Amino acid sequence: MDILVIGCGVSGLTTGLCLLEAGHRISIWAKELPPLTTSNIAAAMWFPYKAYPLERVTAWGKVALHQFKALQFESKSGILMAPVLEVKPSPGPDPWWATFVDDFHHASQEELPPSYPEGYGYEIPVIDTSVYLNYLMDTFHARNGRIVQRAITSLAEAFAQSAIVVNCSGLGARELVGDRDLHPAKGQVVRIKHNGFRRVVVDEEGPHGLAYIVPRTHDIILGGTYEEHNESVEVDPNETEAILRRCAHLAPAFSMVTNEDILNVVCGLRPVRSSVRLEAERITPDRLLVHNYGHGGAGITLSWGCAAEVVKLIEQSIS
Ligand SMILES: Cc1cc2nc3c(=O)[nH]c(=O)nc-3n(C[C@H](O)[C@H](O)[C@H](O)COP(=O)(O)OP(=O)(O)OC[C@H]3O[C@@H](n4cnc5c(N)ncnc54)[C@H](O)[C@@H]3O)c2cc1C
């Protein structure tokens, strides 16, 4: 089938690749291409953060985890497996993904930063989006996928091109399909020079606020912020300082970060929704629309699982 995918972030590219793999002819239309998508701003680590519902997120996350582990061996993918220390302000139940990440264990007191009584260690993929999005685009082109930079204002434009359209427009779906549940959550991250630190450290809910350290192949991302309904992508210098302070609480190696160490500071808008919208909609007897958007803080984490489900939905609908 000829299928048109709207959006060239991680959702559109991964979906496009899985549809090519299933034997379809795929074009992508997108207002912005990498490196100018939200997906490029993500750190990114495999971490099911602020995406719902839990049961579907678990299934999609498992598929993607498996795929990222395989892709770490592709030299141009920008993916590496990294040890994680996730710290907790108080003891609580194990995270729900504890059973399927590698090497899950409770951290010893010596491993934990001061003022954190609890924490876990495990291993996850870190996806350097500055490399990975290019890798996806190159693979998509190499398999005869077509990418066109083009913004659309209505789905009618898309259906004039193809009877099957997949909507991977991220936050753009607010206008494109009038989705009032979809809204932004601003995130700011600081990219610094690599200092040899190799462990991911995450504090999702601690006394100092959201903080994470994500060493990638060539640099380190320090985060972060999560401001729901903030539409601005302006960098806030006060937040930069606060991020550096919070990361210094997590690991002493970051207590002396200077302006010279900072490569850049960027903000992006996570596409947050009460639940990821992944469903097929029969617009007319011969027009099929499949939605794949609203992945919140976990679009990379869920990408391969969601893309596989899009393929399944399309094949069920045309059989
Ligand atoms: C600071 C920050 C840190 C993050 N960290 C992580 C992380 O560690 N792990 C993780 O899994 N996730 C993380 N995320 C979340 C992740 O970035 C998003 O969930 C993901 O990028 C969503 O991908 P997407 O392809 O759906 O949307 P996008 O990347 O926004 O792509 C949408 C595409 O649709 C196009 N488009 C929109 N409207 C139209 C239109 N009308 N016509 C044509 N094209 C259109 C856009 O131009 C773009 O090409 C983070 C996000 C932020 C901001």
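One can find the structure itself at the top, above this paragraph.
What comes next is a walk through the structure. Computed from a predicted structure; not experimentally measured.

## As for the site of the ligand
As a structural note, the neighbourhood of the ligand is formed by 37 residues, with Ser-11, Glu-32, Ser-39, Gly-296 and Thr-301 the closest of them. Here an oxygen atom of the ligand sits 2.9 Å away from a polar atom, N or O, in the main chain of Cys-8. Separating an oxygen atom of the ligand from a side-chain N or O atom of Thr-301 is a distance of 2.7 Å. The fraction of the free accessible surface of the ligand (1,000 Å²) that becomes covered by protein chains is 95%. Of all elements in the fold, only helix H1 (10-21), helix H2 (38-41), strand E8 (183-193), strand E13 (262-272) and helix H8 (299-318) reach the threshold of two or more residues within the shell around the ligand. Class assignment of the residues belonging to the shell around the ligand gives a composition of 17 nonpolar, 16 polar and 4 charged.

## With respect to H1
When the terminal C-alpha atoms of H1 are compared, their 16 Å separation across 12 residues agrees well with the 16 Å that a helix rising 1.5 Å per residue should span. With 11 of its 12 residues buried, H1 lies for the most part within the structure. Of the residues making up H1, those classed as buried are Val-10, Ser-11, Gly-12, Leu-13, Thr-14, Thr-15, Gly-16, Leu-17, Cys-18, Leu-19 and Leu-20. A positive backbone phi angle near 100 degrees is found at Gly-23, which sits one or two residues after H1.

## Describing the sheet that holds strand E15 (residues 287-293)
If you walk across this open sheet you meet the 6 strands as E6-E2-E1-E7-E15-E14, and the pairing is mixed. Taken across any chain shown, the strands that pair with only one partner, and hence form the sheet edges, are strand E6 (146-149) and strand E14 (277-284). Sheet twist, expressed as the average angle between the axes of neighbouring strands with direction ignored, equals 20 degrees. Relative to strand E2 (residues 25-30), strand E1 (residues 2-6) runs parallel, the two being bridged by 5 bridges. By the bridge assignment, Ile-6 is partnered in E2 with Trp-29. Packed on one face of the sheet, helix H4 (residues 129-142) meets E2 and E6 and runs near 120 degrees to E6.

## Structural notes on the layout of surface pockets
Looking at the second largest pocket, its volume works out to about 180 Å³. If you trace the second largest pocket, you find it lined by Leu-17, Cys-18, Glu-21, Gln-67, Ala-70, Leu-71, Glu-74, Tyr-135, Thr-139, Arg-143 and Trp-304. Those elements that place two or more of their residues in the lining of the second largest pocket are H1, helix H3 (54-71) and H4. Tallied by class, residues from the lining of the second largest pocket come to 6 nonpolar, 2 polar and 3 charged.

## Let's talk about the pairing of strand E5 (residues 118-127)
With 9 of 10 residues buried, E5 is to be regarded as a mostly interior element. Sheet analysis places strand E3 (residues 79-88) next to E5, joined by 10 bridges and oriented antiparallel. Paired with Glu-86 across the strands is Tyr-120, a residue of E5. As paired elements, strand E4 (residues 102-106) and E5 share 3 bridges and run antiparallel to each other. What sits directly across from His-105, in E5, is Gly-121.

## Focus: the side chain of Thr-225
Considering the arrangement of structural elements, one finds Thr-225 in the loop between strand E11 (219-223) and strand E12 (227-228). In terms of polar contacts, Thr-225 uses its side chain to reach the backbone amide nitrogen of Gln-188, at 2.8 Å. Beyond its immediate stretch of four places on either side in the chain, Thr-225 contacts Lys-186, Gly-187, Gln-188, Leu-210, Glu-239, Ile-243, Arg-246 and Arg-270.

Conventions adopted
- Residues numbered from 1 in each chain as written.
- Predicted model: local features only at pLDDT ≥ 70, side-chain atom pairs only at ≥ 80, totals over all residues.
- Heavy atoms only, no water.
- Near = heavy atom within 4 Å.
- Polar contact = N/O pair within 3.5 Å; in protein donor to acceptor, adjacent residues only side chain to side chain.
- Areas by Shrake-Rupley, 256 points an atom, 1.4 Å probe, with all protein chains shown as cover.
- Helix = DSSP H or I, 4+ residues; strand = E, 2+ residues; numbered from the N terminus.
- Nonpolar A, V, L, I, M, F, W, Y, C, P; charged D, E, K, R; others polar.
- Expected span 1.5 Å × (residues − 1).
- Buried < 20%, exposed > 50% of the residue type's maximum accessible area, 1.4 Å probe, protein only.
- Pairing = 2+ DSSP bridges.
- Axes fitted to C-alpha atoms, helices over the stretch in contact; angles between N-to-C directions.
- Contact = heavy atoms within 4.5 Å.
- 1 Å grid on protein atoms, 1.4 Å probe; cavity = no way out; pocket = protein on both sides within 12 Å on 5 of 7 lines; lining within 4 Å.
- Points joined across faces, edges and corners; volume = space filled by probe spheres on them.

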